[in-house]
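Chains, contacts and geometry: an overview
Each chain, letter by letter, is given below.
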Amino acid sequence: MSFFKKLKNRLTRSSDKLSDGLDAIVEETAEGAAPAAEAPKAELPKADASPGLISRVLGGAGPGAVKRELDDEMLEQLEELLISADMGVDTALRVTANMAEGRFGKKLSTQEIKDLLAQEVARIMEPVARPMPLYAKKPQVVLVVGVNGAGKTTTIGKLASQFRAAGKSVVIAAGDTFRAAAVEQLQVWGERAGVPVLTAPEGSDPASLAFDAMVKAEADGADLLLIDTAGRLQNRQDLMEELAKIVRVIRKKDETAPHNTLLVLDATTGQNALNQVETFQKLADVSGLVMTKLDGTARGGVLVALADKFGLPIHAIGVGEQIDDLDAFDPEDFAKALTGAEDIK
Ligand SMILES: Nc1nc2c(ncn2[C@@H]2O[C@H](COP(=O)(O)OP(=O)(O)OP(=O)(O)O)[C@@H](O)[C@H]2O)c(=O)[nH]1
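Residues numbered from 1 in each chain as written. Predicted model: local features only at pLDDT ≥ 70, side-chain atom pairs only at ≥ 80, totals over all residues.

Labelled according to an unreviewed UniProt entry, the protein appears under the name Signal recognition particle receptor FtsY, originating from Halocynthiibacter styelae. What UniProt states about the protein under its Catalytic activity (unreviewed entry) heading is, verbatim, "GTP + H2O = GDP + phosphate + H(+)". Quoted verbatim from the Subunit (unreviewed entry) heading of the UniProt record, the comment on the protein is "Part of the signal recognition particle protein translocation system, which is composed of SRP and FtsY. SRP is a ribonucleoprotein composed of Ffh and a 4.5S RNA molecule." (UniProt positions renumbered as here; feature names shortened; annotations may be inferred.)

Structure, rendered in structure tokens:
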């Protein structure tokens, strides 16, 4: 299956949400259509806005034939729809304003609106779609941060496996030393990826483990050292000190480290992901994002808000729980999958 089809299948919930809402918006006051009593709801079940209904309204014409004039009311409804898909207020306003430019008063079909939305989304996402940069430095140190449950462990396993497949040697450091379960999980992923995982006794200093890992990675001539970290935001001050100490200690071995600080975000948390970026930017020098759990979430719009607000590179997206469920981020495929568009001009 092509990457696009895979992503589209997996992002169908976001796409359906937008699609159904758009159908409802366009249908609402389309010529010959019965006026809808309420503003469109993004959560409308698919059946409510089925092509069948549209066809009945238009006497058999396909859904592409229903058109509605782009006016203030429709723009407001589009904004609401995008906000409900987790795009955030500012981004939703910007996307709809750009989309409307030069098109006010024109009649548009659902498909035309989807294609225009996709164009706007792709334009915002294009600058942030960047793979994690690889450097000649050995070992390249990658610090992985994020709240518990965001998918750090899984992402580290997937990354390690991909780097190995690309011929790189990798070492993993299990830096969340306070949670035995987290360390065990990482060991399982290390085994799957065929990569050594350095651990330390429960409760020991993560910075000291990070230092040992630097020593081992250097001695092994490893290309990459992936360091997992704790994600206890409940105790922000402690976490800040812990991360700062890890950085201080690894800089004793290499003053340019860490070379990447990846923030792992769970896409299903919606707008909360924006707060997490703000918080982790204060705790660490975040250089890029990995968005997990994009499969099956109806909240994919949050990626657009993140790109628009922070402009941090999105290095990869998690689209499942298996080892190869980590994909490069493709802005056009994402835009099409999110909006249900067929084409991006
Ligand atoms: N569907 C889906 N599930 C994912 C993805 N990435 C991670 N998960 C799941 O999310 C859950 C949490 O993932 P972990 O990797 O353990 O998260 P963590 O950030 O390391 O969390 P802690 O171990 O609690 O610190 C697990 O059940 C994973 O299988 C993804 O891209 N898609």
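All right, on to the packing of helix 4 (residues 72-84) against helix 5 (residues 89-100) then. Running from N to C, helix 4 and helix 5 cross one another at 140 degrees; their axes reach a closest spacing of 9 Å. With respect to each other, helix 4 and helix 5 are oriented oblique. With respect to the hand of their crossing, helix 4 and helix 5 are arranged in right-handed fashion. On the side of helix 4, the interface is formed by Leu75, Leu78, Glu79, Leu82 and Ile83, while helix 5 contributes Val89, Ala92, Leu93, Val95, Thr96 and Ala100. Taken together, the residues of the contact of helix 4 with helix 5 break down into nine nonpolar, one polar and one charged. (Axes fitted to C-alpha atoms, helices over the stretch in contact; angles between N-to-C directions. Helix = DSSP H or I, 4+ residues; strand = E, 2+ residues; numbered from the N terminus. Parallel < 35°, antiparallel > 145°, perpendicular 65-115°, else oblique. Left-handed = near helix turned anticlockwise from the far one by under 90°. Contact = placed C-beta atoms within 7 Å. Nonpolar A, V, L, I, M, F, W, Y, C, P; charged D, E, K, R; others polar.)

The next thing to look at is the sheet that holds strand 4 (residues 170-173). The strand order 5-4-6-3-7-8-9-10 describes an open sheet built from eight strands, whose pairing is mixed. The open sheet has two edge strands with one neighbour each: strand 5 (197-198) and strand 10 (326-327). Sheet analysis places strand 7 (residues 260-266) next to strand 8 (residues 288-292), joined by five bridges and oriented parallel. Within strand 8, the position partnered with Asp266 by the bridge is Thr292. (Pairing = 2+ DSSP bridges.)

Turning to the nonpolar core, a few remarks are in order. Among the nonpolar cores identified, the biggest contains 97 residues, and Ile172, Leu225, Leu226 and Ile227 are the most heavily contacted of them. The dominant element in this core, judged by the number of residues it contributes, is helix 6 (residues 110-125), at eight residues. Residues lining this core come from more than one domain, with at least three contributed by each of domain 1 (3-128) and domain 2 (140-338). (Core = buried A, V, L, I, M, F, W, Y, C linked by C-beta atoms within 7 Å. Buried ≥ 20, exposed ≤ 12 C-beta atoms within 10 Å, placed from the backbone. Domains from an automatic or database assignment.)

Moving on, we get to the site of the ligand. Around the ligand, a shell composed of 20 residues is seen, among which Gly151, Lys152, Thr153, Thr154 and Gly318 lie nearest. It is helix 7 (residues 152-165) that contributes the most residues to the shell around the ligand, three residues altogether. (Near = placed C-beta within 6 Å.)

Taking 1.5 Å as the rise per residue, helix 6 with 16 residues should run 22 Å; its terminal C-alpha atoms sit 22 Å apart, in good agreement. Of all 16 residues in helix 6, 13 are buried, a share of seventy percent or more. (Expected span 1.5 Å × (residues − 1).)

The side-chain alternation of strand 4 yields two buried faces, one formed by Val170 and Ile172 and the other by Val171 and Ala173. Strand direction decides the pairing type here: strand 4 and strand 5, joined by two bridges, are parallel. Residue pairing for strand 5: Ala173 is matched across the bridge by Leu198. Taken together, strand 4, helix 8 (residues 180-193) and strand 5 form a β-α-β motif whose crossover is right-handed. (Right-handed = clockwise from strand over helix to strand, strands pointing away.)

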